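# A structural walkthrough
Residue strings, one per chain:
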Amino acid sequence: ETGVTQSPTHLIKTRGQQVTLRCSSQSGHNTVSWYQQALGQGPQFIFQYYREEENGRGNFPPRFSGLQFPNYSSELNVNALELDDSALYLCASSLEPNQETQYFGPGTRLLVL
Amino acid sequence: EDQVTQSPEALRLQEGESSSLNCSYTVSGLRGLFWYRQDPGKGPEFLFTLYSAGEEKEKERLKATLTKKESFLHITAPKPEDSATYLCAVHPGSGGYNKLIFGAGTRLAVHP
């Protein structure tokens, strides 16, 4: 059984650019959530995908968007990057969309210059 | 507003010196409280889920307990490999999705 995987591990972008981060969910898990973790802080919920649709969103602007594919893998897209977007982006998967333990991937470290 | 506060922010222990980490929460309706361990630059690793007041879970040197307003993570006779940031999160009752609200974590350093 494979765990949650994410790519790339590290990324450097400049302000105004766009970025795509990728996540493969744990085997058998149909729900994927994305979190942003700034240095020294706890993760903050961005959104969740279930059955290829966004079914819950945190306090993030529309320039944060995502996709989920039929194999349950997911992408996080961020447009018009800002310096404050520099963070560790975490993907988590779960068996179902509600009241289920989430298992996290290793994260993608994004640096915006 | 749903909120999680962890204390202390940082804790330094000698190997074998037992202690407890605190997680206080305010949430509209608790669906679950979660403890994770996070090593530097890595993703959180799941430790425990607690659902109702009075519940306890144990794993090796760690024991998690839950009351109506807070949770404790007790560490018995810690070893240097227990050094990490310990994160507490709550799943609020609202919404039909897995939104976790995290505290800022407690950074634990265990010295030989």
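Whatever comes next refers back to the structure up there.
Description of the structure in this document. (Residues numbered from 1 in each chain as written. Chains lettered and ligands numbered in written order. Predicted model: local features only at pLDDT ≥ 70, side-chain atom pairs only at ≥ 80, totals over all residues. Heavy atoms only, no water.)

Attention now moves to the layout of surface pockets. Taken as a whole, the largest pocket holds about 540 Å³ of empty space. Elements represented by at least two residues in the lining of the largest pocket include exactly strand 5 (44-50) of chain A together with strand 1 (3-7) and strand 10 (101-102) of chain B. Considering only residue class, the lining of the largest pocket consists of 11 nonpolar, nine polar and three charged. The calculated volume of the second largest pocket comes to roughly 410 Å³. What lines the second largest pocket is a set of 19 residues, among which Gln37, Gly40 and Gln41 of chain A together with Gln38 and Thr85 of chain B lie closest to the centre. Per element, the largest residue contribution to the lining of the second largest pocket is three residues, and it comes from strand 9 (residues 84-92) of chain B. Among the residues forming the lining of the second largest pocket, the class breakdown is seven nonpolar, eight polar and four charged. (1 Å grid on protein atoms, 1.4 Å probe; cavity = no way out; pocket = protein on both sides within 12 Å on 5 of 7 lines; lining within 4 Å. Points joined across faces, edges and corners; volume = space filled by probe spheres on them. Helix = DSSP H or I, 4+ residues; strand = E, 2+ residues; numbered from the N terminus. Nonpolar A, V, L, I, M, F, W, Y, C, P; charged D, E, K, R; others polar.)

For the rest of this paragraph, the subject is the pattern of salt bridges. Pairing between side chains of opposite charge can happen when their charged atoms approach one another. All names here are of chain A. One pass over the full model with this rule turns up eight salt bridges over all chains. Of the charged contacts, one joins arginine 63 and aspartate 85 as a salt bridge, the two residues approaching to 2.8 Å between their closest N and O atoms. With arginine 63 in the loop between strand 6 (53-57) and strand 7 (64-68) and aspartate 85 in the loop between strand 8 (74-78) and strand 9 (87-94), this pair connects stretches of sequence that are 22 residues apart. Connected via shared salt-bridge partners are Arg63, Glu82 and Asp85. (Salt bridge = Lys/Arg side-chain N within 4 Å of Asp/Glu carboxyl O.)

According to the stated counting rule, one finds 11 aromatic pairs over all chains in the structure shown. Here tyrosine 35 of chain A and phenylalanine 102 of chain B contribute two aromatic rings whose centre-to-centre distance is 5.9 Å and whose plane-to-plane angle is 90°, an arrangement assigned as edge-to-face. Taken together, the positions of tyrosine 35 of chain A in strand 4 (residues 31-37) and phenylalanine 102 of chain B in strand 10 put the pair across two chains. For the pair formed by tyrosine 35 of chain A and phenylalanine 102 of chain B, the shared burial category is buried. Taking the centre distance of 5.9 Å and the plane angle of 70° together, the rings of tyrosine 36 of chain B and phenylalanine 46 of chain B count as edge-to-face. (Phe/Tyr/Trp six-rings, centres within 6.5 Å; stacked < 30°, edge-to-face > 60°. Buried < 20%, exposed > 50% of the residue type's maximum accessible area, 1.4 Å probe, protein only.)

This part covers the interface of chain B and chain A. In this assembly, 22 residues from chain B lie in contact with 26 residues from chain A. Both sides of the chain B and chain A interface together cover about 1800 Å² of buried area, and 50% of this is carbon and sulfur. At the junction of chain B and chain A, the tally comes to zero salt bridges. Linking chain B to chain A there are 10 residue pairs in polar contact (both at pLDDT 80 or more). Secondary structure elements with two or more residues in the side of chain B that touches chain A: strand 4 (30-38), strand 5 (45-50) and strand 9 of chain B. With four residues, the single largest contributor to the side of chain B that touches chain A is strand 4 of chain B. (Contact = heavy atoms within 4.5 Å. Buried area = accessible area lost by both parts, 1.4 Å probe. Polar contact = N/O pair within 3.5 Å; in protein donor to acceptor, adjacent residues only side chain to side chain.)

This part is about the environment of serine 20 of chain B. Residues and elements named next belong to chain B. Among the structural elements, serine 20 can be located in strand 3 (residues 19-26). Relative accessible area serves as the criterion here: at 34%, serine 20 is assigned to the partly exposed category. The spacing of serine 20 and isoleucine 75 is 55 residues in sequence and 6.0 Å in space, taken between C-alpha atoms. The residues touching serine 20, leaving out its near neighbours within four places in the chain, are Leu73 and His74. A polar side-chain atom of serine 20 sits 2.7 Å from a polar atom in the side chain of histidine 74.

This part covers the environment of serine 52 of chain B. For serine 52 of chain B, the location among the structural elements is in the loop between strand 5 and strand 6 (56-59). Sequence separation of serine 52 of chain B and threonine 67 of chain B is 15 residues, and the distance between their C-alpha atoms is 7.6 Å.

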